[in-house]
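# What the coordinates show
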Amino acid sequence: MIDKKIRDLIKKEEERQEKLVHLIPSENFASEEVRMALGSCLTNKYAEGYPGRRYYQGNGFIDEIENLAIERGKKILGVEHLNVQPYSGSPANSAIQMALLEREDKICGLKLSAGGHLTHGHPKITFSGKFFENVQYDVEEDGRIDYKKLEEFVLKEKPKMIMVGTTAYPWILDFKKFGEIGDKVGAWVVADVSHIIGLIVGGVHPSPVDYVHVIMSTTHKSLRGPRGAFIGVTKKGLEKDPELSSKIDKAVFPGLQGGPHENNIAAMAVCFAEADTQNFRDYATQVVKNAKVLAEALKKNGLKVFGTENHLMVVDVGKGRGKEVAVRLEEEGIVCNANTVPHDKAGPFRPSGIRIGTPAMTTKGWKEKEFEDLAKRMAKIIKVN
Ligand code: DSN
């Protein structure tokens, strides 16, 4: 059967991705090779369990694929153990928390409105917020974490787990500081590096590997892989608990998930190999250069910008105007998302900013000149809107 409706819609989406300017910092364009693996026959196979320990027959090639993903991932990340089965970031964080926390233990994460993530203990409506006691830290007026204040907060609250990870934080994260602070209260320190993983692997953001116990990341953002995630266990993690790797594995399967998506895992293996090249390191360097140019050019054109030292920034577009500005930009072919600014007076439902980043358009070959021109266009649209 040819499903004409779906084919037409995919074609339209393909054209949209081709034509527009994509600035959502968590989006990217995966390579043909990654997409080949994703669309392959591997989607047909059940493989519950882990390589060499499967519940179904017929997993010889699947085991080779998953082992390759693990081996390549461990090499670029520098971790001791790697689980590549999480379906995506939220299940991965849930698995980590399920492995290491008891009900009512305290989890500490950056506030969502300050650039954190729902799965980092966001109160009431999320798994991590419902099942564990949660405390949240904030950023300062300038959008930065004050590490002194963070330390005081952690010493007072004594969380069992500290989530270090961001979705709209344009500054370098001081993983060493987080590690030291966590050690003072004996907390698990988990780095969710989903946004910056490509920069870490590309050598343009410090790695958390020596300072945290667990590293989690999605693979489809700055790493340019499939929509999936991994959980890595560090040497420091194993020193804290020699059983850590097995606790994580058990929480992923059978704790939370069933059969792993081996097409995804193969695509992950491809993206790990792609990331282990000079070409990718050049890409990561260019992502950061482009972001700096974009931020500076927007400032020069009169806008208030938070950032940047990484791949993204938050632009203050006026109290409560984030959504209307994002819609207006899309009408002009520029795709971004509305976002809160630090200490947003308008609240999360009518945010005052937009969040933009450079990973996707850098993949398309954009350099400083294109981003400088774009900043001028954007400033005009934002100001007259
Ligand atoms: N939804 C992702 C983002 O856009 O940053 C975070 O999971």
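Residues numbered from 1 in each chain as written. Predicted model: local features only at pLDDT ≥ 70, side-chain atom pairs only at ≥ 80, totals over all residues. Heavy atoms only, no water.

### What about the packing of helix 4 (residues 89–100) against helix 10 (residues 244–256)?
- Put simply, helix 4 and helix 10 touch, their axes get as near as 8 Å, and they point 120° apart. Classified by the angle their axes make, helix 4 and helix 10 are oblique. When the axes of helix 4 and helix 10 are compared, the crossing they make is right-handed. Residues Pro 91, Ser 94, Ala 95, Ile 96, Met 98, Ala 99 and Leu 100 of helix 4 form the contact with helix 10, whose participating residues are Leu 244, Lys 247, Ile 248, Ala 251, Val 252, Gly 255 and Leu 256.
- When grouped by side-chain class, the residues that make up the contact of helix 4 with helix 10 number eleven nonpolar, two polar and one charged. (Axes fitted to C-alpha atoms, helices over the stretch in contact; angles between N-to-C directions. Helix = DSSP H or I, 4+ residues; strand = E, 2+ residues; numbered from the N terminus. Parallel < 35°, antiparallel > 145°, perpendicular 65-115°, else oblique. Left-handed = near helix turned anticlockwise from the far one by under 90°. Contact = heavy atoms within 4.5 Å. Nonpolar A, V, L, I, M, F, W, Y, C, P; charged D, E, K, R; others polar.)

### Thoughts on the sheet that holds strand 4 (residues 81–83)
- Across the sheet, which stays open at both edges, the seven strands sit in the order 4-10-9-8-7-5-6 with mixed pairing between neighbours. A strand with exactly one partner marks an edge of an open sheet, and here the two such strands are strand 4 and strand 6 (133–137). Strand after strand, the sheet turns through a mean of 20° between neighbouring axes, direction not considered.
- Across five bridges, the pairing between strand 5 (residues 106–110) and strand 6 is parallel. Bridged to Leu 110 within strand 6 is Tyr 137.
- Here helix 6 (residues 147–157) sits on the sheet and contacts strand 5, strand 6 and strand 7 (161–165); the angle it forms with strand 6, its principal contact strand, is near 165°. (Pairing = 2+ DSSP bridges.)

### A short note on the nonpolar core
- The biggest cluster of nonpolar side chains holds 57 residues, and the ones touching the most others in it are Val 84, Ile 145, Phe 178 and Phe 272.
- It is helix 11 (residues 262–275) that provides the largest number of residues to this core, a total of nine residues.
- For Phe 272, the residues in contact, after removing those within four places along its chain, are Ala 69, Arg 72, Gly 73, Ile 76, Leu 82, Val 84, Thr 219, Leu 223 and Phe 230. (Core = buried A, V, L, I, M, F, W, Y, C linked by side-chain atoms within 4.5 Å. Buried < 20%, exposed > 50% of the residue type's maximum accessible area, 1.4 Å probe, protein only.)

### Let's talk about the sheet that holds strand 14 (residues 337–339)
- If you walk across this open sheet you meet the four strands as 11-12-15-14, and the pairing is antiparallel. Each edge of the open sheet is held by one strand with a lone partner, namely strand 11 (304–306) and strand 14. Pairwise comparison of adjacent strand axes, ignoring direction, gives a mean angle of 35° for this sheet.
- Pairing geometry for strand 12 (residues 312–316) and strand 15 (residues 353–357), over five bridges, is antiparallel. Within the sheet, the bridge partner assigned to Asp 316 lies in strand 15 and is Gly 353.

### Concerning helix 6
- Regarding helix 6, the residues found buried are Tyr 147, Leu 150, Glu 151, Val 154 and Glu 157. All buried residues of helix 6 project into a common sector of 145° when viewed along the axis, lining one side. The outward face of helix 6, more than 90 degrees from its buried face, is lined by the exposed residues Lys 148 and Lys 156.
- As for helix 6, its buried residues are in contact with strand 5, strand 6, strand 7 and helix 7 (175–185).
- At the N-terminal boundary of helix 6, the capping side chain belongs to Asp 146, with an oxygen 2.9 Å from the backbone nitrogen of Lys 148.
- Lys 158 lies just past helix 6 and shows a positive phi near 45°. (Arc of directions from axis to C-beta. Polar contact = N/O pair within 3.5 Å; in protein donor to acceptor, adjacent residues only side chain to side chain.)

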